[in-house]
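Coordinates in review
One-letter residues, chain by chain:
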Amino acid sequence: MQETQLQRVQEAVARCRDLPGALLPMLHAIQDDLGYVPPEAVPTIAKALALSRAEVHGVISFYHHFRSAPPGRHVIQVCRAEACQSIGAERLVARLRERLGIDFHGTTADGAVSLEAVYCLGNCACAPAVMVDGALRGRVTEAVLDEIIDTAALVDEHVGVAGGAR
Amino acid sequence: MTVRIFVPRDSSAVSVGADAVAKAIADEATRRAIPVAVIRNGSRGMLWLEPLVEVETPAGRVGYGPVTVADVPKLFDAGFDRGAPHPLCIGPVDAYPWLAKQERLCFARAGVTDPLSWSEYVAHGGSRGLRAALAMTGADAVAAVTESGLRGRGGAAFPTGIKWKTVLDTAADQKYVVCNADEGDSGTFSDRMVMEDDPFVLIEGMAIAGIATGATVGYIYLRSEYPYAERALMAAIETARSVGVLGDDVLGSGRRFELHVRRGAGAYICGEETSLLESLEGKRGMVRFKPPVPAISGLFGKPTVLNNVITFASIPIIFDRGATFYRDYGRGRSRGTLPIQLAGNIKQGGLVEKAFGVTLNELLYDFGGGSASGRPIRTVQVGGPLGAYIPESQFDVPLDYEAYASIGAMVGHGGIVVFDDTVDMARMARYAMEFCAIESCGKCTPCRIGSTRGVETIDRIIEGRDRGAQLAILEDLCNTMLSGSLCALGGMTPFPVMSALKHFPQDFGLGPDGLAAAA
């Protein structure tokens, strides 16, 4: 964990520590900011809340949402629940695995895309559904999925150029 | 004169292009110098028509859908800003049969108003329930809820008035109101729609609960998969504070009620009430033993009113129109209306609010128009991943809590997931066990271990390895989970499994009598 990351963790901890039931809001604040909860942040969190490191780790690992490693630059969540299954979600899953060459909870080698399973996005009448970087998509076909993946790649190239110029 | 054009901001509408359509309409209007005000309303719940664009005309709001960005110039060419005909036109929206046939109490405003406009909320009947409740004693307010016959809409169907009375009668220095917005069941989205399309009704319902029972602090436990709902709620709560619905002096009554949103973290089990409370307290979402019930010892050990979004959203109209008005809807012991969600492989999916007693045949064919694929509907799962698969022979059973219980099914949160004849029910049964294994909190053995053994056993049945013996094991396992689990996750996972096996034995390689063919 970098120095600046530690500082941001400390800021999130300070912001949330006095809330009733502070641990989940704190973990969310850290992950919203950094994209994950660095394992090195656990002692800081534990100390602030007078918990053991094991208790904090236990909470992080219990919830599917929290990550202990940075995700790819883009996160594709694909719904695997019944309503989406009834109308072709498994075909989308197969397509994603094929195009990205990764399975659930995996990240492509270039760090561009992470693939996550999700169990219901509440878009069941416009199924199948996926969520891309927090944006909900409905009536998703394999062609739409290809477009999403290609766009993600394009955005990255753009970011790469901008980053290089900086 | 400026034309008011409505494009929903509901995330389902946005997921199929509503934002782009809204922008295209504004841009095209500017290009043509037509004065247009684009209003982002909620969704009417006719989700197959989304993005459903509505144009205000002297004769009422005229709808067009589903609209794509490419349709926008053509709609202007046709004169849609005056409500002119076009192939996408569905006519006056309020008269559209799919909507006109419903009984919308909870969802009366959804799609009609700008969800974040307090003045529109009030203009359409909002806040009257809270004002009525503030004029009542706590005991009278709770009695009104009891009289309405309202039962918990999250799925358990426990009488809401009894729960509230327990909280009212339990003395404590602090009480809480907690809203379960962890809508994890596949095929359900009515909570999400309330929060995105009419969030004030939830806030009002929770405030009434607080006023009635003496609770001064509320929490909405919202699943992390609903970022759009979170933004809508945060904005609505801020407005509610500024207009004095929340805070130290609720609508000038001198009573206090404050409300906070807490985000879940992707655990299905946190929809179970005690596990939700653990999570709110900052712990792993492990199920608690009951008793004590949350109404006596809930959040931080204090008496807690804990209800689902739809339960709270049903409260304001009970106080506005009276308990009798509400209980006159429905049948038997299932009073009022249920927001039903038609989902999955269905042509016309969306939100249908009807009094209890409607049948699946009406929902699937009159409202739903049959499957989206055009193939015959083979089965539906009612009530989420823990609900039974219902065969066509039972599509005429009236939807009410007792009638469903009598056929071994459950209404649950009112989600209906439709499957056509390509579905493999052995795979769906396996999935039910797999889902339970993924989402089990791990506290009790039948659920933690049983679900994994269930997947393995169903795999052996599918592969045809010693089917007769494996069937006996599966049945035994399901019985153990059913009677030995601590909560509904392990206790009800057997419902989809056993109903699939009972009604569709051929998918498991069995004879029509459900027995393994002799080797």
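Every value quoted in this text rests on a predicted model; they were computed, and no experiment measured them.

Turning our eyes to something else, we now look at the overall build of chain B. On a plain count of helices and strands, chain B comes out with 21 helices and 16 strands. Computed over the C-alpha atoms, the radius of gyration of chain B is 24 Å, within 12% of the 24 Å expected from 2.2 N^0.38 for a compact globule of 519 residues. C-alpha extents for chain B along the principal axes are approximately 80 × 60 × 40 Å. Counting all 519 residues of chain B, 63% fall into the buried class. Excluding contacts between residues fewer than 6 apart, the proportion of contacts in chain B whose partners are at least 24 apart in sequence is 70%.

Taken as a whole and assessed by the stated rule, the structure comprises 17 aromatic pairs over all chains. Aromatic pair Trp-98 of chain B and Phe-367 of chain B: ring centres 5.9 Å apart, planes at 80 degrees, arrangement edge-to-face. Of the two residues, Trp-98 of chain B sits in helix α4 (residues 97-100) while Phe-367 of chain B sits in helix α15 (residues 360-367), which places them 269 residues apart along the sequence. Overall, the relative accessible area of 3% leaves Phe-367 of chain B in the buried class. With a centroid separation of 6.2 Å and an interplanar angle of 45 degrees, the aromatic rings of Tyr-176 of chain B and Tyr-219 of chain B are classed as tilted. Taken together, the positions of Tyr-176 of chain B in strand β6 (residues 176-181) and Tyr-219 of chain B in strand β7 (residues 217-222) put the pair 43 residues apart, joining distant regions of the chain. Take Tyr-176 of chain B: its relative accessible area is 12%, and that puts it in the buried class. An aromatic cluster of at least three residues, connected via ring pairs, comprises Tyr-119 of chain A together with Tyr-268, Tyr-431 and Phe-435 of chain B. Taking the ring centre of Phe-367 of chain B as reference, the NZ or CZ of Lys-101 of chain B above it sits at 4.6 Å.

Our next topic: the domain arrangement of chain B. Once the domains are mapped, chain B shows domain 1 (3-100), domain 2 (118-327), domain 3 (330-420) and domain 4 (425-508). Relative placement of domain 1 of chain B and domain 4 of chain B: their C-alpha centres are 47 Å apart.

Split by domain assignment, chain A resolves into domain 1 (3-62) and domain 2 (74-165). Computed over C-alpha atoms, the centres of domain 1 of chain A and domain 2 of chain A are 28 Å apart.

Contact residues are listed per partner, giving 62 residues for chain B and 39 residues for chain A. Summed over both sides, the interface of chain B with chain A buries roughly 3700 Å², with 55% coming from carbon and sulfur. The largest contributions to the chain B side of the interface with chain A come from Arg-263, Ala-265 and Tyr-431 of chain B, which together make up 16% of the buried area. Scanning the region where chain B abuts chain A turns up one salt bridge. Ionic pairing is found between Asp-32 of chain A and Arg-263 of chain B, a salt bridge with its closest N-O pair at 3.0 Å. Counting only elements with at least two residues in the side of chain B that touches chain A, the list comes to α1 (11-15), β7, α11 (227-242), β8 (258-263), α12 (273-280), β12 (337-344), β16 (415-420) and α17 (425-439) of chain B. Among the elements that line the side of chain B that touches chain A, the one with the most residues is α17 of chain B, at seven residues. Residue composition of the side of chain B that touches chain A, grouped by class: 31 nonpolar, 18 polar and 13 charged.

Residues Ile-45 and Tyr-63 of chain A together with Trp-164 and Leu-202 of chain B are the most contacted members of the largest nonpolar core, which totals 180 residues. Ranked by residue count, the leading element in this core is helix α10 (residues 199-213) of chain B, at 10 residues. Aside from chain neighbours lying at most four places away, what touches Tyr-63 of chain A is Leu-24 of chain A together with Tyr-221, Ala-265, Ala-267, Cys-270, Ser-279, Lys-283, Arg-284 and Gly-285 of chain B. If you look at the next biggest cluster of nonpolar residues, it comprises 36 residues, including Val-93, Leu-363, Val-397 and Val-418 of chain B.

With that settled, the discussion passes to the sheet that holds strand β14 (residues 377-382) of chain B. Residue and element names in this part refer to chain B. Sheet architecture is open: five strands sit in the order β13-β12-β16-β14-β15, paired in mixed fashion. Of all the strands in the sheet, just β13 (350-355) and β15 (389-391) have a single pairing partner and so form its edges. When strand polarity is set aside, the average angle formed by the axes of neighbouring strands in this sheet is 30 degrees. In this structure, β14 lies alongside β15, joined through three bridges in antiparallel fashion. Bridge pairing links Val-380 to Ile-390 in β15.

Residues and elements named next belong to chain B. Along the chain, Thr-379 falls in strand β14. What makes Thr-379 buried here is its relative accessible area of 0%. Only 2.8 Å separates the side chain of Thr-379 from the backbone oxygen of Ile-390, close enough to count as a polar contact. If near-sequence neighbours (up to four positions away) are discounted, Thr-379 is found in contact with Tyr-389, Ile-390, Pro-391, Phe-395, Val-417, Val-418, Phe-419, Val-423, Met-425 and Phe-504.

Attention now goes to the environment of Ile-34 of chain B. Residues and elements named next belong to chain B. Among the structural elements, Ile-34 can be located in the loop between α2 (18-31) and β2 (36-39). Between the alpha carbons of Ile-34 and Thr-2 there is a distance of 7.8 Å; along the sequence they are 32 residues apart. Those residues in contact with Ile-34 that lie beyond four places of it in its chain are Ala-29, Phe-76 and Asp-81.

Another point: the sheet that holds β6 of chain B. Residue and element names in this part refer to chain B. Strands sit in the order β8-β7-β6-β9 across an open sheet of four strands; the sheet is parallel. The open sheet terminates on both sides in strands that have one partner only, identified here as β8 and β9 (304-308). Each adjacent strand pair in this sheet contributes to an overall mean axis angle of 20 degrees, direction not counted. Direction of pairing for β6 relative to β7: parallel, over a ladder of six bridges. Paired with Ala-181 across the strands is Leu-222, a residue of β7.

All names here are of chain B. The full count for this structure, using the stated rule, is 42 salt bridges over all chains. Close ionic contact of Glu-196 with Arg-192 constitutes a salt bridge, the shortest N to O distance being 3.0 Å. Residue Glu-196 and its partner Arg-192 are located together in helix α9 (residues 190-197), separated by four residues, close to a single helical turn. Overall, the relative accessible area of 4% leaves Glu-196 in the buried class.

Each value, and the rule that gives it
- Residues numbered from 1 in each chain as written.
- Chains lettered and ligands numbered in written order.
- Predicted model: local features only at pLDDT ≥ 70, side-chain atom pairs only at ≥ 80, totals over all residues.
- Heavy atoms only, no water.
- Helix = DSSP H or I, 4+ residues; strand = E, 2+ residues; numbered from the N terminus.
- Rg over C-alpha atoms; globule rule 2.2 N^0.38 Å.
- Buried < 20%, exposed > 50% of the residue type's maximum accessible area, 1.4 Å probe, protein only.
- Contact = heavy atoms within 4.5 Å.
- Phe/Tyr/Trp six-rings, centres within 6.5 Å; stacked < 30°, edge-to-face > 60°.
- Lys NZ or Arg CZ within 6 Å of the ring centre and 35° of its normal.
- Domains from an automatic or database assignment.
- Buried area = accessible area lost by both parts, 1.4 Å probe.
- Salt bridge = Lys/Arg side-chain N within 4 Å of Asp/Glu carboxyl O.
- Nonpolar A, V, L, I, M, F, W, Y, C, P; charged D, E, K, R; others polar.
- Core = buried A, V, L, I, M, F, W, Y, C linked by side-chain atoms within 4.5 Å.
- Pairing = 2+ DSSP bridges.
- Axes fitted to C-alpha atoms, helices over the stretch in contact; angles between N-to-C directions.
- Polar contact = N/O pair within 3.5 Å; in protein donor to acceptor, adjacent residues only side chain to side chain.

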